[in-house]
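Descriptive structure summary
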Amino acid sequence: MLKIADAATTSRHLDYSRLVEALDRGFAQGCVVPVRHHHTIEKDNQPDATLLLMPAWSKSSDEVRFLGVKLVTVFPGNMAKGLAGLTSTYVLYDGDTGLPLAMLDGNVITARRTVATSALAARYLSRKDSRKLLVLGSGRVASLIPEAYRTVRPIAEVSVWDINPEGAARMVTDLNNKGFLAFVENDLEAGVRNADIISAATLATSPLIQGAWLSAGTHVDLIGGFTPHMREADSEVVLRATVYVDTPESLHEAGDLRQPIASGLISPNHICGTLAELATAAIKGRSNPNQITLFKAVGSGLADLVAAKLVFDSL
Ligand SMILES: NC(=O)c1ccc[n+]([C@@H]2O[C@H](COP(=O)([O-])OP(=O)(O)OC[C@H]3O[C@@H](n4cnc5c(N)ncnc54)[C@H](O)[C@@H]3O)[C@@H](O)[C@H]2O)c1
C-alpha cells in the first residue's frame, strides 16, 4: 500500500542524528545517480515553468534495493497568485519490482538532507571543539543549520547574518526559543573572524565571505551556490582552504569553485576529495587544528534517497 507523508510527518521522521549516520553509511555505500532532467513548460502571458526530475537508485549489488525520484515544479507565475513558486515531492519505489512505496514531502527531504550532509562533512572537517557557529542566510535551509550542527559539534553560540536583517532577527528569536544562545551579526567581517564554523545558505551572486578575514582553524561550509554565476566566498577562501566537495559535480556547477578554476587561480587538483571518499576513509579529513577547511555542496540524489528510505522505514 502506498504510504503518504506530509511535511510534518516527513520532518518528524528525519531526526538529524539518525540522518547524519544514515548519510555517512549512504555516501560510503554509494548508489546510482543519473543526470537530472530539466524540462521547460511554456506558459502564455506568464514566465515559463520548469519540471525537474532527480532520480537515484540502489546499486544492483546492494542487499535491499530502492529507487526514488524527486519531482520539483518551479512555477514563477505563482508568486502573483500568492502561491508557492516551488513544490517538491519525493516518490520512493521498491528497487526490485518498481512498485511504488511512498510519497513524501520533497521540500522537507531537501532541506533536512542538505543541512545533515553539511553536518556530516563538518564532523570530518571542523575542529572537534567548534563552539561558535556563524550562519549566513535565514531562509528555509539556513534556519535548519544550527540544529543539524548541534548533533555533531558542541555548538554553544550561533550568530546569524543575512542581507535581510528582519529575516535574521526572526531566525534568532526562533533559535533562542529552541535553547540556543543566538544573536544577529551585523558586522560580517567581525562575525567571520570570530567563528569556528561558518555555514552559508544564500542566493548570493557575489562573494560574501572574504578569505582575508578567516582565522586559523575555521571550517567553511558553502551550501547556497548551485550555478557557475553564484558565489558565497571569494577566491582567497578557496586558496587558503583545504577543499572538499559533496560530489564531483560541484567543480562544474558551483561558481565558488568553477570561477577560481576558470581564472587559473587553482587547478582541479586543489580539491582534496569528496564526501564519499571521506566516508570510506579513502582520504583524510582535518589534519591539524590550524587548518582552514572548506566544504562545497551542490546537493545529491544519493542524499535524497537516503533520507527518503529513513522516513519510509519509520512510517
Ligand atoms: N547544496 C544543496 O544541496 C542545496 C539544497 C537546497 C538549497 N540549496 C540552495 O541554498 C540556497 C538557499 O535556499 P533556501 O531554500 O533556504 O532559499 P530561501 O529563499 O528560503 O533563502 C534564501 C536566503 O538567501 C538570502 N539572500 C537572498 N539574496 C541574497 C544575496 N544577494 N546576498 C546574500 N543573501 C541573499 C535571503 O535573505 C535568504 O536568507 C539556494 O541557492 C538553494 O538553491 C542548496
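Use the structure listed above.
Residues numbered from 1 in each chain as written. Predicted model: local features only at pLDDT ≥ 70, side-chain atom pairs only at ≥ 80, totals over all residues.

Attention now goes to the nonpolar core. Of all hydrophobic cores here, the largest spans 88 residues; its most connected members are Leu23, Ala119, Tyr149 and Ala307. Considering every element that reaches this core, the biggest residue donor is helix H3 (residues 106-125), with 11 residues. Shared between two domains, this core holds at least three residues of each, these being domain 1 (3-109 + 303-313) and domain 2 (117-300). Apart from residues lying up to four places away in sequence, Ala307 is in contact with Leu14, Leu19, Ile109, Arg112 and Arg113. (Core = buried A, V, L, I, M, F, W, Y, C linked by C-beta atoms within 7 Å. Buried ≥ 20, exposed ≤ 12 C-beta atoms within 10 Å, placed from the backbone. Helix = DSSP H or I, 4+ residues; strand = E, 2+ residues; numbered from the N terminus. Domains from an automatic or database assignment. Contact = placed C-beta atoms within 7 Å.)

Turning our eyes to something else, we now look at the pairing of strand S12 (residues 242-245). Every regular strand shows the same layout, with side chains that alternate between the two sheet faces. Relative to strand S14 (residues 293-296), S12 is paired through four bridges, and the arrangement is parallel. By the bridge assignment for S14, Val243 is matched with Leu294. Across three bridges, S12 lies against strand S13 (residues 271-274) in parallel orientation. Residue pairing across strands places Tyr244 opposite Gly273, the latter belonging to S13. (Pairing = 2+ DSSP bridges.)

With that out of the way, let us pick up the sheet that holds strand S10 (residues 197-200). Read across the open sheet, the eight strands follow the order S9-S8-S7-S10-S11-S14-S12-S13; overall the sheet is parallel. Sheet topology places strand S9 (182-184) and S13 at the edges, where each strand pairs with a single neighbour. Each neighbouring strand pair of the sheet contributes to a mean axis angle of 20 degrees, computed without reference to strand direction. Sitting on the sheet, H3 is in contact with S10, strand S11 (219-222), S12 and S14, with an inclination near 160 degrees to S11. (Axes fitted to C-alpha atoms, helices over the stretch in contact; angles between N-to-C directions.)

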